[in-house]
Amino acid sequence: MKTKSPIRGQLQLAFGSAVLALLLVGAVSYRSLVESRESDRWVRHSHEVLESLQDLLAAMHTVESNARGYLLTGDESFLDAYRAGIARTEKDQTVVRNLTADNTAQQRRLDALATLAVQKFRLVEKVLGLQRTNGLEAATGAIQQGSGKQLMDDFQKVIGEMQDEELRLLALREADAKRRLAQTKIVLIVGTLLGLLITSVAGWSVQRDNSARAQAEEAMREGEERFRTLANNIPQLAWMADEKGYTFWYNDRWFDYTGTTLEEMAGWGWQKVHDPNHVKRVVEKISRCFQTGEVWDDTFPLRGRDGKYRLFLSRAVPIRDPNGRILRWFGTNTDISESKDSGAKYRGLLEAAPDAMVVVDQSGEIVLLNVQAEKQFGYSRDELLGQKVKNIIPEGFAERLIADGTRSAAEALAQQIGTGIELIARRKDGTEFPIEIMLSPLESAEGTLVTAAIRDISVRRAAEKHLAQMEGRYRGLLEAAPDAMVVVNPAGEIVLLNVQAEKQFGYQRDELVGQKVKNIIPEGFAERLIADGTRSAAEALAQQIGTGIELIGRRKNRSAFPIEIMLSPLESAEGTLVTAAIRDISVRKIAEKHLAQMEGRYRGLLEAAPDAMVVVNQSGAIVLLNVQAEKQFGYSRDELVGQKVKNIIPEGFAERLVSDALRSVEDALAQQIGTGIELNGKRKNGTEFPIEIMLSPLESAEGILVTAAVRDITARKQAEANLLNKVEELNRSNEELGQFAYIASHDLQEPLRMVASYTQLLSRRYKGKLDSDADEFIAFAVDGASRMQRLIQDLLAYSRVGTKGRDMVEVSSEEALQQALINLRGAIEEKGALVTHDSLPSVIADDMQLIQLFQNLVGNAIKYQSSDVPRVHITAVRSGANKWTFSVKDNGLGIDPQYFEKIFGMFQRLHKREEFAGTGIGLAICKKIVERHGGNISVESEPGRGSTFRFALAESQVKG
Amino acid sequence: MPIEVLLVEDSPGDVRLTQEAFRDANPSIHMHVASDGVEAMAFLRREGNHAHAPRPELILLDLNLPKMDGREVLAHIKEDANLKTIPTVILTTSEAEADIVKSYQLQANCYLSKPVQLDAFEALVKSINDFWLTKVKLPQQRQNG
């Protein structure tokens, strides 16, 4: 008993105390008893000693008196008595010695007694001896003069002492015994009183308790009575057992059904009406329940009075007192054997089942089946009833019904219950097909039957195969998708997903497959898969297909993020699956929020911009754009926000946002800010077009955003390309022209050489031999020919500047000038010109052309003169970085400023041929040479005050 | 004793002008003319009509010729062990660097471009005569092969 009422505890304590008191009293009494017996013994002992001492004294007297008798009478009989007296003294001495062994004082006295006795006896013997030898007189004399009387007195005295001692001891012992007796009396009286008190208190409390219990028992008995009346009127067989499981009551139904009596059934007698095959299991189970207090449930057959078993469903519950202690067990047995009604119901149920159902007994024979089973196996019901189940399920089923060495049939079956077992079934026509069976036990009067729900899984198998094939095909596709993809079945379970889905939701694939899609998309997705009152699932879905639905996704770590899902149906063996493309629109959402904030500030600005504007965050996602950007790229705003900028600018932009090993994001960006970068844009329709982007940073809550002004430079590029074409064309035509000029002048020279040579020959050989007209005509012909020759040679020279130019090398301009002056030596000497120059630098130039340039300019300076001494001065001054400006200054005729431009043109002359010979090509050649060197030539002059020609050349990079 | 010179030139005007110039320079020069490269080679190898042609002491070769141009003729001459000792002077209107380089690569003895002015031309011819036909020492043996 684990629980104790306080009354019970007190009661126990009270009884305990009473018992303890009585025990104490008993113990004390016992001890007094033992002690008083001991006292008695000692008193008795003292008396014994006293008696023995008395005997000893008496014996001594006997010895003396008999010795006297012999002396007086000589009668030998006195001698005999004398001798017996001696023996008695010795015996008495021994007795006393033994009795007083514990008392040393008495022992000592005893020793003295012994000595006195011996002396006495020796004296008597001596007297007796004298009497025999010397007669009575001698003997009497010896007696009279002897010490016999004295010895006897001493003896008596010692005896007296010993008796006194013993008497003293006796008095002491008696007093002790009396005192003990008084103590014992007190203890007995007090102990008894105490025990009585405790017992009466306890008795009173027990009395009180008992009356309460009696009331409770009365109430219970009444309740039980009512209950029994009730229990007798229920259709079930009912029973009651005490807390130990001892059955003490059955209702009338029980006796009616079993035909037994309470005497037979009481206690554990109910086992008699159980099926011997089941009784062991039933007893085990109910015993366990009785021990643990669990509710008992079982199904088993019970034998009726007709000897037939019927199947009962039994249940027993414990009835407890308020403290939870089990008082009773109440049990019922409900007859669940197949009645006509229940059979019909059961049959209906069986037939209503969507699967083929076959009920099999433990010998493996089919006892029941439904229409679906007939259809599935192609047999009629009658053909199957009574048949071995092996005929339709050759392997794996029958074996499961049969107990083996280690397990009972029930256990064997128990292992299979509820699990789908995949087997092969055989139809009547011999064809086989895959099935899945689910077994469940069915207790019946015939023992445990097995109900097998059999599902044809051919289709599923085919579908699985199909799916496996499909998977192979689609998985690649699925994985290639940029969005997270999740395939969900109509039950809302995830059947397939891709790597992106794993990443996005933070789960492993295995963790998600088979899970409810609600786990990752708590709301709005699963609902869409389900038909409601007005629409079928397919219709419900159809409405959603292709439209982006914005929902909330939930990651494994429970964090939520906004998503957009696009649904599309996927017909499969498992029904219509739904493929959901799930896009994380966090960035877009943030962007939208951000946009809303920024709109007031920037929208106007952004939209007002003539260029497409795109704002991008550091991960390269577009967070903002303007109408121009929509137009330019052909997307609507929503399609672009949240997208990677790579989608519209495939190369060169996103890279610029990313830091590399050498530069931080800011640095990377800083390098790009403000410079127009030419890239390619990509429209929604896939076409590309050239753009120029200008980046600028935009500090925001999300970090540095980058605003890109994107300008479509198709037209500019086109113009540039056109220009380039034009330039190319022009170059080509120029070249052709140059080539033409060269070829023309070269080829013209041949016939002209003939004309010139022969007219000269003519003039030389026939001058003065013909008439004067002929001489004049020949002179014109010769002059024309030579002018034409000069013209052609100058033209050739001019065209050679472009076509026959040499490489630009480092040239000393001073040396070039010297060479030019050498070439001009004739003219200089003829005119008496004074040509001077400053120190001149090294420059990058075509040396031959540089010589030509100086030659032409100095030549002109000398040529166009009126003064007596032509003066020419050449200088060079540094003009800007790496540039030298040369000046050729003369004191010649000067040029009217209106002709400054004209003089550099081809065939342009300011003077009549009669004044100054020339072709008008010299300065054109100069201009062409200077331009070929990347500079330009100019003139500063006033008529009459000389001219200064200036041109610039690049400085040589090599110093020294 | 006449000095045999072969002029290879297709332009009759030039031929005449050259002949005139050489006559003025040195009357003892006997000038033979071939108007194309094929004829020039036939003359030098004494083929056909030229079986009795003399071995020239100087060849004046224009570059632009019909049938076989001057470069080929030059190449043939300089490949021919018998002919290659004859000084061959290129006399042409071309001033192209490529022609000059090519000619010297083919072992022309010198390259002269015809001056435009008659005076200059006459001066040039005079200097050819002075140098090639007067001052230059040539192998004595006359191979008549």
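It should be emphasised that the depicted structure is a prediction, and the values quoted were computed from it without experimental measurement.

(A) Structural view of the overall build of chain A. Along the backbone of chain A there are 27 helices and 27 strands. Residues classed as buried in chain A amount to 28% of the 960 residues present. The long-range share in chain A, meaning contacts at least 24 apart out of those at least 6 apart in sequence, stands at 55%.

(B) How the structure looks around the overall build of chain B. For chain B, the helix and strand inventory stands at five helices and five strands. When burial is assessed residue by residue, chain B has 30% of its 145 residues classed as buried. In chain B, once contacts between residues fewer than 6 apart in sequence are set aside, the share between residues at least 24 apart is 68%.

(C) Focus on the sheet that holds strand β25 (residues 883-890) of chain A. Residues and elements named next belong to chain A. Taken in spatial order, the five strands line up as β22-β24-β25-β27-β26 in an open sheet, and their pairing is mixed. Among the strands making up the open sheet, the edge pair consists of β22 (834-837) and β26 (937-941). Across this sheet, the average inter-strand angle for adjacent strands is 20 degrees, counted without regard to direction. Docked against the sheet, helix α26 (residues 847-863) engages β22, β24 (871-878), β25 and β27 (947-954), running at close to 20 degrees with respect to β25.

(D) Structural view of the interface of chain B and chain A. Every contact between the two is made by six residues of chain B and, on the other side, nine residues of chain A. Elements with a contribution of two residues or more to the side of chain B that touches chain A: α1 (12-25) and α5 (118-135) of chain B. Here the side of chain B that touches chain A is composed, by residue class, of four nonpolar, two polar and no charged.

(E) Geometry of the pairing of strand β1 (residues 237-242) of chain A. All names here are of chain A. Counting buried positions along β1 gives five out of six residues, so the element sits mostly inside the fold. Pairing of β1 with strand β2 (residues 247-250) involves three bridges; the strand directions are antiparallel. Directly across from Ala241, in β2, lies its bridge partner Thr247. The turn joining β1 and β2, which pair antiparallel and follow one another in sequence, is formed by four residues; a positive phi near 95 degrees is taken by Gly245.

(F) Region of interest: the packing of helix α2 (residues 37-44) of chain B against helix α3 (residues 70-79) of chain B. Residues and elements named next belong to chain B. Look at α2 against α3: their axes get within 9 Å of each other, and the N-to-C directions meet at 20 degrees. Here α3 runs roughly parallel to α2, going by the angle between their axes. The two elements α2 and α3 meet at a crossing, and its hand is right-handed. Contacts between α2 and α3 involve Gly37, Ala40, Met41 and Leu44 from the former and Gly70, Glu72, Val73, His76 and Ile77 from the latter. Looking at the contact of α2 with α3 residue by residue, the class counts come to five nonpolar, three polar and one charged.

(G) Layout of the pairing of strand β12 (residues 494-497) of chain A. Residues and elements named next belong to chain A. Pairing of strand β11 (residues 484-488) with β12 involves three bridges; the strand directions are antiparallel. Looking at β12, one finds that Val486 is bridged to Leu497. A loop of five residues connects β11 with β12, the two strands running antiparallel in sequence, and Gly492 in this loop sits at a positive phi of about 85 degrees.

(H) Main features of unusual backbone geometry. Of note in this structure, Arg558 of chain A is not a glycine but carries a positive phi near 75 degrees. Of note, the phi angle at Arg46 of chain B is positive, near 55 degrees, even though the residue is not glycine.

(I) Fine view of the confidence of the model for chain B. Chain-level statistics for chain B give a pLDDT mean of 89 and a share of 97% at 70 or above. Two summary scores accompany this predicted model of the complex, namely pTM at 0.36 and ipTM at 0.80.

(J) Structural detail: the packing of helix α24 (residues 813-823) of chain A against α26 of chain A. Residue and element names in this part refer to chain A. Two elements in contact, α24 and α26, have axes whose closest approach is 8 Å; the angle formed by their N-to-C orientations is 55 degrees. As the angle between them shows, α24 and α26 are arranged oblique. For the pair α24 and α26, the crossing hand works out as right-handed. Residues Ser813, Ala816, Leu817, Gln819, Ala820, Leu821 and Asn823 of α24 lie in contact with α26, whose contacting residues are Asp847, Leu850, Ile851, Phe854, Gln855 and Val858. Grouping the amino acids of the contact of α24 with α26 by side-chain chemistry returns eight nonpolar, four polar and one charged.

(K) Main features of the sheet that holds strand β4 (residues 88-92) of chain B. Residues and elements named next belong to chain B. Pairing is parallel in the open sheet, where five strands are placed in the order β2-β1-β3-β4-β5. If you trace the sheet from one side to the other, it starts and ends with β2 (29-34) and β5 (110-113), each paired once. Neighbouring strand axes in the sheet, compared pairwise and without regard to direction, differ in orientation by 25 degrees on average. Pairing analysis gives three bridges linking strand β3 (residues 58-61) to β4, with the strands arranged parallel. Residue pairing in the sheet places Ile59 in a bridge with Thr88 of β4.

(L) Quick look at helix α27 (residues 922-932) of chain A. Residue and element names in this part refer to chain A. Most of α27 is tucked away: nine of the 11 residues are buried. Burial in α27 covers these residues: Gly922, Leu923, Ala924, Ile925, Cys926, Lys927, Lys928, Ile929 and Val930. Just beyond α27, the residue with positive phi is Gly934, at close to 85 degrees.

(M) Spotlight on the environment of Glu72 of chain B. In this fold, Glu72 of chain B is placed in helix α3. Its 17 C-beta neighbours within 10 Å are what place Glu72 of chain B among the partly exposed residues.

Parameters and conventions
- Residues numbered from 1 in each chain as written.
- Chains lettered and ligands numbered in written order.
- Predicted model: local features only at pLDDT ≥ 70, side-chain atom pairs only at ≥ 80, totals over all residues.
- Helix = DSSP H or I, 4+ residues; strand = E, 2+ residues; numbered from the N terminus.
- Buried ≥ 20, exposed ≤ 12 C-beta atoms within 10 Å, placed from the backbone.
- Contact = placed C-beta atoms within 7 Å.
- Pairing = 2+ DSSP bridges.
- Axes fitted to C-alpha atoms, helices over the stretch in contact; angles between N-to-C directions.
- Nonpolar A, V, L, I, M, F, W, Y, C, P; charged D, E, K, R; others polar.
- Parallel < 35°, antiparallel > 145°, perpendicular 65-115°, else oblique.
- Left-handed = near helix turned anticlockwise from the far one by under 90°.
- pLDDT = per-residue confidence, 0-100.

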